[in-house]
Amino acid sequence: LPPHGVVERPMPSIGQVVLISSQGQEEEEEEWVHGEVVGFSGDLFSVKLADGIIRKAVGKEVAYNTAHKVRLPVGTRCVALYREKDQMEMAVYKSAVVAEPPKVLNKNRYMVFFDDGYPAYVYHKDMRVVVQSSPSVWEDVAPSSREFIRQYLQQYPERPMVRLSIGQSVKTECDSKWWMTKVVEMDASLVLLMFDKDKRTEWLYRGSTRLGPLFSEMEQRKARMVEGDQVVVRGRRVHGKKTGPVIEYRREVETDNVQTEVKKSSATPGRAVAKKSTASRKADSTSTSTTNWETEGTVYQVPRLAKERGTFSPHTCSPKCVTSAQY
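Let us look at the structure shown here. Every value quoted in this text rests on a predicted model; they were computed, and no experiment measured them. (Residues numbered from 1 in each chain as written. Predicted model: local features only at pLDDT ≥ 70, side-chain atom pairs only at ≥ 80, totals over all residues. Heavy atoms only, no water.)

### With respect to the environment of T76
- Turning to its location among the elements, T76 is positioned in the loop between β5 (62–64) and β6 (77–84).
- For T76 and V98, which are 22 residues apart along the polypeptide, the C-alpha to C-alpha distance reads 5.4 Å.
- In this view, T76 contacts R9, A96, V97, V98 and V129; residues no more than four positions away in its chain are not counted.
- Among the polar contacts made by the side chain of T76, one reaches the main-chain carbonyl oxygen of P73 at a distance of 2.7 Å. (Helix = DSSP H or I, 4+ residues; strand = E, 2+ residues; numbered from the N terminus. Contact = heavy atoms within 4.5 Å. Polar contact = N/O pair within 3.5 Å; in protein donor to acceptor, adjacent residues only side chain to side chain.)

Set out below in structure tokens:
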């Protein structure tokens, strides 16, 4: 993996090979193909395709042809290699958004959400950054996935997900109907499900509301908010049965300097960033305290057993005084 740093987006120059969106507004069949920049006028690039046709495109429809030399933060608009399970050798570039940074638990891969809603893990070498993107990156995403991406990025780094295990059954939505599925394989934040009705398999993000337990939890939270009750968001169990799926809340953590770089790069792509002096940096580190979040693991809500307080009487304290305490 490359080091952390600011994601720079310099304007492509004439003669530079780039990737360009080939289908425009037809989101279902969108692919990115190679072309050569032959000119530009204002915000429009003139790109010559392999068949000789020259297309005009804005920066949001053009991507670099090489992988960036720094890691890509969550929310980066990019294109990534899209592979169908039965057609691994026929990979194509498609529009996507970075949803999870590379780490040990996901084998140093990025999780991305493609515009068609398909989630996948992709290596850094198979990703290309789009030249320009909106400040609210979900505005560039296809309408079918726009709302989900918006909610995900606004809630990040909090990520509610269903905790599942291989062989477990779970209700899953497909074509506006709920079907029983079985967990076939797990891959970090993704789960491979097999539909009982036709034995079809599909990879889903474990935080998708297409999963019955999470959908039920979200609906219950909406109802509680309408009623004005306080919502507890960590580790709530969806079903009363101990064997049922559980909603877990994970918090992704990036270092302070990386988060700062992400904000700067998303706000002013391609601009140079002035660095603070060493003296001011030392002053900041001594005058402010930061909360160090655990980078991995799961936080659960632990039940508290309510007990009536006994009547106090004068006595000499001993270990017996705390034997009835739960923790």
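### A look at helix α1 (residues 143–155)
- Helix length check: α1, at 13 residues, gives a terminal C-alpha distance of 19 Å against a target of 18 Å (1.5 Å per residue), a fit within 8%.
- Here α1 has its buried residues at S145, I149, Y152 and L153. (Expected span 1.5 Å × (residues − 1). Buried < 20%, exposed > 50% of the residue type's maximum accessible area, 1.4 Å probe, protein only.)

### Remarks on the nonpolar core
- By size, the foremost hydrophobic cluster in this structure holds 25 residues, and its most contacted members are L72, V112, F114 and M127.
- Where this core is concerned, the elements lending two or more residues are β1 (17–21), β3 (44–49), β5, β6, β7 (87–100), β8 (110–114), β9 (119–122) and β10 (127–129).
- In contact with V112, not counting residues within four places along its chain, are A96, V97, V98, A99, Y118, P119, A120, V122 and M127.
- Formed by 18 residues, the second largest nonpolar core is a distinct cluster that contains V74, A99, F113 and Y152. (Core = buried A, V, L, I, M, F, W, Y, C linked by side-chain atoms within 4.5 Å.)

### What to know about unusual backbone geometry
- Cis peptide bonds are those with omega within 30 degrees of zero, and the linkage from Y156 to P157 qualifies with 15°.
- With respect to the secondary-structure elements, P157 resides in the loop between α1 and β11 (158–163).
- At D175, a position not held by glycine, the phi torsion is positive, near 55°.
- Along the chain, D175 turns up in the loop between β12 (169–174) and β13 (177–187).
- Of note, the phi angle at A188 is positive, near 55°, even though the residue is not glycine.
- As for its position among the elements, A188 is in the loop between β13 and β14 (190–195).

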